[in-house]
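Residue-level listing of the chains:
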Amino acid sequence: MKTTNLYKLTFFSFLFFLSAFIESRGQNIFSKTQYTLQSNLIFSTDKYTPFWLSANQYGEVPDKSGFISFRGSAHKEYDTLYHTSNLKMKKFGYGYGLRAVVNAGKVNQALLSEGYIKVRYGALELYGGRKREVFGLVDTLMSSGSFIWSGNALPLPKIQISIPNYTPILAKGLISIKGSFAHGWFGSTLGYRDGGGKNY
């Protein structure tokens, strides 16, 4: 093994073990914001990453094995507190999310897998940006993913207006509505892109 490669491996291994002890969640900088820091070290006997390590990871895990990954995120969800007077949710709320991934090894990548802002007024929600989502009824832990919404690629940047939860409109909830309307952008390349950054 070359000396430079040995130095690189030692450096990245040090960062990996250091960050493994720092997984953190806090609310000190912004009120009610959750922060996470995570690291992964993946090697396999094959040159490709095992399927279940890369499936449903929103394009964050490279196809080629032998890399170290660092992930950091900050998220704020809606305030779920209720008014004590009438037990109804507060009418206005806002949230945001940011998630960055750096992969180093056989594949070198810097990804922004999430970056969005959302606002809610009553039952109506508006959000813009790139967000990891699950659509429809699907087992998110032990399946290859949903037929209508892939969890194997980076989320599309989009603008969406929606009623995200079933909202009663008639007969005290006998008839409720839920739905969304969105516009997204595919980007400049529509072909397949492998974990090494090549387009096909």
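Keep in mind that this is a model prediction, so the values were computed, not measured.

1. What to know about a nonpolar patch on the surface
A cluster of nonpolar side chains, namely Phe 92, Tyr 94, Val 119, Tyr 121, Leu 124, Leu 126, Ile 159, Ile 161, Phe 181 and Trp 185, defines an oily patch on the protein surface of about 1000 Å² accessible area. With respect to the helices and strands, the residue Phe 92 is situated in strand 3 (residues 92-105).

2. Thoughts on empty space enclosed by the protein
As enumerated under the stated definition, the model contains one cavity of 30 Å³ or more in all. Taken as a whole, the largest cavity spans an internal volume of roughly 30 Å³. In terms of lining residues, the largest cavity is bounded by Lys 131, Glu 133, Trp 149, Pro 155, Leu 156 and Lys 158. Classifying every residue of the lining of the largest cavity gives three nonpolar, no polar and three charged.

3. Comments concerning the sheet that holds strand 6 (residues 158-170)
In spatial order, the strands read 1-2-3-4-5-6-7; together these seven strands make up an open sheet with antiparallel pairing. This sheet does not close on itself; its edge strands, each paired only once, are strand 1 (34-42) and strand 7 (175-184). In this sheet, neighbouring strand axes are inclined to one another by 10° on average, regardless of whether the strands run parallel or antiparallel. Strand direction decides the pairing type here: strand 5 (residues 124-130) and strand 6, joined by five bridges, are antiparallel. Bridge pairing in strand 6 places Glu 125 opposite Ser 162.

4. Description of the pattern of salt bridges
Within the structure shown, the criterion is met by five salt bridges. A salt bridge links Glu 60 to Arg 71; the shortest N-O distance between them is 3.7 Å. Of this pair, Glu 60 sits in the loop between helix 2 (51-54) and strand 2 (67-76) while Arg 71 sits in strand 2, placing them eleven residues apart in sequence. A salt bridge links Arg 132 to Glu 60; the shortest N-O distance between them is 3.0 Å.

5. Quick look at the packing of aromatic side chains
The geometry of an aromatic ring pair is captured by the separation of the ring centres together with the interplanar angle, meaning the angle of the planes. Tallied over the full model, the rule gives two aromatic pairs. With centroids separated by 5.0 Å and ring planes inclined at 75°, the aromatic side chains of Phe 51 and Trp 52 adopt a geometry described as edge-to-face. No difference in accessibility class separates Phe 51 from Trp 52, as the two residues are exposed. Ring centres 6.2 Å apart and planes at 70° place the aromatic pair Tyr 116 and Tyr 127 in the edge-to-face group. Taken together, the positions of Tyr 116 in strand 4 (residues 109-121) and Tyr 127 in strand 5 put the pair eleven residues apart, joining distant regions of the chain. For Tyr 116, a relative accessible area of 5% translates into the label buried. For Tyr 127, a relative accessible area of 2% puts it in the buried group. Over the face of the ring belonging to Tyr 78 we find Arg 120, whose NZ or CZ atom lies 5.2 Å from the ring centre. Sitting over the face of the ring of Tyr 127, Lys 131 holds its NZ or CZ atom 5.1 Å from the ring centroid.

Procedures and definitions
- Residues numbered from 1 in each chain as written.
- Predicted model: local features only at pLDDT ≥ 70, side-chain atom pairs only at ≥ 80, totals over all residues.
- Heavy atoms only, no water.
- Patch = residues over 30% accessible without salt bridge, like charges linked within 9 Å, V, L, I, M, F, W, Y side chains within 5 Å.
- Areas by Shrake-Rupley, 256 points an atom, 1.4 Å probe, with all protein chains shown as cover.
- Salt bridge = Lys/Arg side-chain N within 4 Å of Asp/Glu carboxyl O.
- Helix = DSSP H or I, 4+ residues; strand = E, 2+ residues; numbered from the N terminus.
- 1 Å grid on protein atoms, 1.4 Å probe; cavity = no way out; pocket = protein on both sides within 12 Å on 5 of 7 lines; lining within 4 Å.
- Points joined across faces, edges and corners; volume = space filled by probe spheres on them.
- Nonpolar A, V, L, I, M, F, W, Y, C, P; charged D, E, K, R; others polar.
- Pairing = 2+ DSSP bridges.
- Axes fitted to C-alpha atoms, helices over the stretch in contact; angles between N-to-C directions.
- Phe/Tyr/Trp six-rings, centres within 6.5 Å; stacked < 30°, edge-to-face > 60°.
- Buried < 20%, exposed > 50% of the residue type's maximum accessible area, 1.4 Å probe, protein only.
- Lys NZ or Arg CZ within 6 Å of the ring centre and 35° of its normal.

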